[in-house]
Amino acid sequence: MNDPILIAVISLGVIALIAAAILYVCSKKFAVYEDPRIGKVAAVLPQANCGGCGYPGCGGFAEACVKAGSLEGKLCPVGGQAVMAKVADILGLSASASETKLAVVRCNGSCENRPRTNVYDGAKKCSIAAALYGGETGCSYGCLGCGDCVDACQFGAIKMNPETGLPEVDAEKCTACGACAKACPKGIIEIRVVSKDKTGMVVTCVNKDKGALASKACKAACIGCGKCQKVCGSEAITVANNLAYIDPTKCIECRDCERECPTGAIHPIGMEPLPRKSAKPAAAVAEVEEAKPAKVFEPIVIKYDATLLPSQQIYLACPVEPSGAVEAAKLDETGKAVDYAAPLLPSQQILLNIRK
């Protein structure tokens, strides 16, 4: 028993046993109960941890579903209705039908519609560029084109179009998690309600400047003219702050607004755009004008068919000016004197010109 190594091993063993006993008692004493259904629900979730459901990751969403006792208003945007049906089976609840949503880019300020006025030579991050200035074009509301939304998307649903300089959303890959909308400092990406076929109508502009300023900055800007609102039969369009907005819950996709928009600011979602009404070429207009016959101006003939007043008859018959008329000429047919000092009527002025 005088072996120091053996004494050390025995001492450490005793300490370990005592520590294990203490830990066991503490774990039982301060144990936190977790519903086993949370783990089951988390297992069927896609584990994307995108935060699109409004909770901190899939674990937080699973815990919220179990504790809430109802799935009303809860949706996993990545898994969709199929995943929510599995969650409902685990919890013994019913999953309400959810609306189909899609990320929509509300900017049509392509390189053609919105020419550059300067060149940004800083860090290629939308958040940094937005903090420094309004952008490379005359529109301070539009897309900056640095691609923060592309970096934020975990599903590869957004790509930058090199020709237009704008992000484009792949409807098949988009889960409407909202990560791109949160990453956009200009707020041009909207998580929008669409039909089951992922179609709809949207105003692809967020410029709130007055029409003249907006159209000067971008050819495809909404000028707030209100023509789309007038032709909308479902009252889905409102115009506020010089900007039109289409309510997706009221829109019936009649596309009358798209036809009426003078700038082409209204675009379809998941459908081919309608052909725009193009103005006639200047040469064609000139040919039409040349083909028109010259306008002939007819001389204007003034006819005075009204019955003359007695005073007018005397005035017309007077051989000299009224100031030098004879005494007899100053009497009308009734024998009353005629006052030539009174202002002449328009008809008398005409008669005077005729007599001259």
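Residues numbered from 1 in each chain as written. Predicted model: local features only at pLDDT ≥ 70, side-chain atom pairs only at ≥ 80, totals over all residues. Heavy atoms only, no water.

1. A closer look at the overall build of the chain
The condition is simple: Segments assigned H or I by DSSP are reported as helices when at least four residues long, segments assigned E as strands when at least two residues long, and all are numbered from the N terminus. By definition, residues are in contact when any of their heavy atoms lie within 4.5 Å. Areas reported as accessible are Shrake-Rupley estimates using a 1.4 Å probe. Residue values count occlusion only from the protein chains shown.
Counting its secondary structure elements, the chain contains 13 helices and eight strands. Considering only intrachain contacts with a sequence separation of at least 6, the fraction spanning at least 24 residues in the chain is 56%. Only carbon and sulfur atoms are counted for the fraction: they give 58% of the accessible area of the chain, which is about 22,400 Å².

2. Topic: a nonpolar patch on the surface
How we decide: Patches in this entry comprise residues that are over 30% relatively accessible and not in a salt bridge; like charges within 9 Å are linked, as are nonpolar side chains (Val, Leu, Ile, Met, Phe, Trp, Tyr) within 5 Å. Any Lys or Arg side-chain nitrogen located within 4 Å of an Asp or Glu carboxyl oxygen qualifies as a salt bridge.
Together, Leu6, Ile10, Val14, Ile18 and Ile22 make up an exposed nonpolar region whose accessible area comes to about 420 Å². Here Ile22 is to be found in helix H1 (residues 4-29).

3. Considering H1
The test is simple: Multiplying 1.5 Å by the helix residue count minus one yields the expected span of that helix. The definition of a polar contact used here is a pair of N or O atoms within 3.5 Å, where within protein one atom must be able to donate a hydrogen and the other to accept one, and adjacent residues in sequence count solely through side-chain atom pairs.
The end-to-end C-alpha separation of H1 is 37 Å, in line with the 38 Å expected for 26 residues at 1.5 Å each. If you check the start of H1, you find a side-chain oxygen 3.2 Å away from the backbone N of Ile5, and it comes from Asp3.

4. Overview of unusual backbone geometry
For clarity, the threshold we go by: Categorising residues by exposure relies on relative accessible area from a 1.4 Å probe, with only protein chains included: less than 20% of the type maximum marks a residue as buried, more than 50% marks it as exposed, and the intermediate range marks it as partly exposed.
Its identity as a non-glycine residue notwithstanding, Ala176 has a phi of 55 degrees, on the positive side. Residue Asn241 is not a glycine yet carries a positive backbone phi of 55 degrees. Inspection of the secondary structure assignment puts Asn241 in the loop between strand S6 (237-240) and strand S7 (243-246). Accessibility expressed as a relative area gives 53% for Asn241, which makes it exposed.

5. Comments concerning helix H4 (residues 80-91)
Taking 1.5 Å as the rise per residue, H4 with twelve residues should run 16 Å; its terminal C-alpha atoms sit 17 Å apart, in good agreement. Summarising the contacts, the buried residues of H4 are in contact with helix H2 (36-44) and helix H3 (57-68). Following H4 by one or two positions, Gly92 adopts a phi angle in the positive range, close to 70 degrees.

6. Regarding the nonpolar core
So the rule is basically this: For this analysis, a nonpolar core means a set of buried residues of the types Ala, Val, Leu, Ile, Met, Phe, Trp, Tyr and Cys, connected via side-chain atoms within 4.5 Å.
Membership of the largest hydrophobic core comes to 20 residues, with the highest contact counts inside it found for Cys107, Cys180, Ile188, Ile189 and Ile269. For this core, the element with the most residues is strand S1 (residues 101-105), which contributes four residues. Not counting residues within four places of it along the chain, the set of residues in contact with Ile269 comprises Leu102, Val104, Arg192, Val194, Lys198, Thr199, Gly200, Met201 and Val202. Formed by 19 residues, the second largest nonpolar core is a distinct cluster that contains Ile237, Ala244, Cys257 and Ala265.

7. Details of the packing of aromatic side chains
To keep things clear, this is the line we draw: Between rings of Phe, Tyr and Trp, where Trp is taken as its six-membered ring, a pair exists when centres lie within 6.5 Å; planes separated by under 30 degrees are stacked, by over 60 edge-to-face, and by other angles tilted.
Scanning all chains against the criterion turns up two aromatic pairs. Note on Tyr55 and Phe61: the rings are 5.9 Å apart at their centroids and 50 degrees apart in plane angle, and the pair reads as tilted. Geometrically, the ring pair formed by Tyr120 and Tyr133 is stacked, given 5.6 Å between the ring centres and 25 degrees between the ring planes. Remark: Tyr133 occurs in the loop between helix H5 (126-132) and helix H6 (148-152) and Tyr120 occurs in the loop between S1 and H5; sequence separation between them is 13 residues. Owing to a relative accessible area of 9%, Tyr120 belongs among the buried residues under this scheme. The class of Tyr133 is partly exposed, set by a relative accessible area of 25%.

8. Points about the side chain of Arg255
Looking at the element boundaries, Arg255 is found in the loop between S7 and helix H10 (256-260). Using a relative accessible area of 12% as the deciding quantity, one classes Arg255 as buried. A distance of 2.8 Å separates the side chain of Arg255 from the side chain of Glu258, its partner in a polar contact. The residues touching Arg255, leaving out its near neighbours within four places in the chain, are Met201, Pro268, Met271, Glu272, Pro273 and Leu274.

9. Focus: the packing of H2 against H4
Operational definition: Axis lines are fitted through C-alpha atoms, for helices just across the contact stretch, and the angle between N-to-C directions can take any value from 0 to 180 degrees. Working definition: roughly parallel below 35 degrees, roughly antiparallel above 145 degrees, roughly perpendicular at 65 to 115 degrees, and oblique for all remaining angles. When the near helix sits turned anticlockwise from the far one by under a right angle, the crossing is termed left-handed; a clockwise turn instead gives a right-handed crossing. In this classification, the charged set is Asp, Glu, Lys and Arg, the nonpolar set is Ala, Val, Leu, Ile, Met, Phe, Trp, Tyr, Cys and Pro, and all remaining amino acids, among them Gly, are polar.
One way to put it is that H2 packs onto H4 with a least axis distance of 9 Å and a crossing angle of 160 degrees. By the angle between their axes, H2 is roughly antiparallel relative to H4. With respect to the hand of their crossing, H2 and H4 are arranged in right-handed fashion. Contacts between H2 and H4 pair Arg37, Lys40, Val41 and Val44 from the former with Val83, Lys86, Val87, Ile90 and Leu91 from the latter. Broken down by class, the residue content of the contact of H2 with H4 amounts to six nonpolar, no polar and three charged.

10. Some remarks on the environment of Ala131
Note on placement: Ala131 falls in helix H5. Once the C-alpha coordinates of Ala131 and Pro185 are considered, the two residues, 54 residues apart in sequence, prove to be 8.8 Å apart.

11. Points about the pattern of salt bridges
Under the counting rule described, the total for this entry stands at eight salt bridges. Arg106 is the partner of Glu190 in a salt bridge, and the nearest nitrogen-oxygen pair spans 3.9 Å. Separated by 84 residues along the polypeptide, Glu190 in strand S4 (residues 189-193) and Arg106 in the loop between S1 and H5 bring together distant segments of the chain. What makes Arg106 buried here is its relative accessible area of 11%. A salt bridge links Lys125 to Asp148; the shortest N-O distance between them is 3.9 Å. Note that Lys125 is positioned in the loop between S1 and H5 and Asp148 in helix H6, a separation of 23 residues in sequence.

12. So, the pairing of S4
In plain terms, the rule: Note on pairing: DSSP must find at least two bridges between two strands before they are called paired.
For S4, the tally of buried residues reaches four of five residues, placing the bulk of the element in the interior. Here five bridges tie S1 to S4, and the two strands are oriented antiparallel to one another. Pairing of Val104 across the sheet is with Glu190, part of S4.

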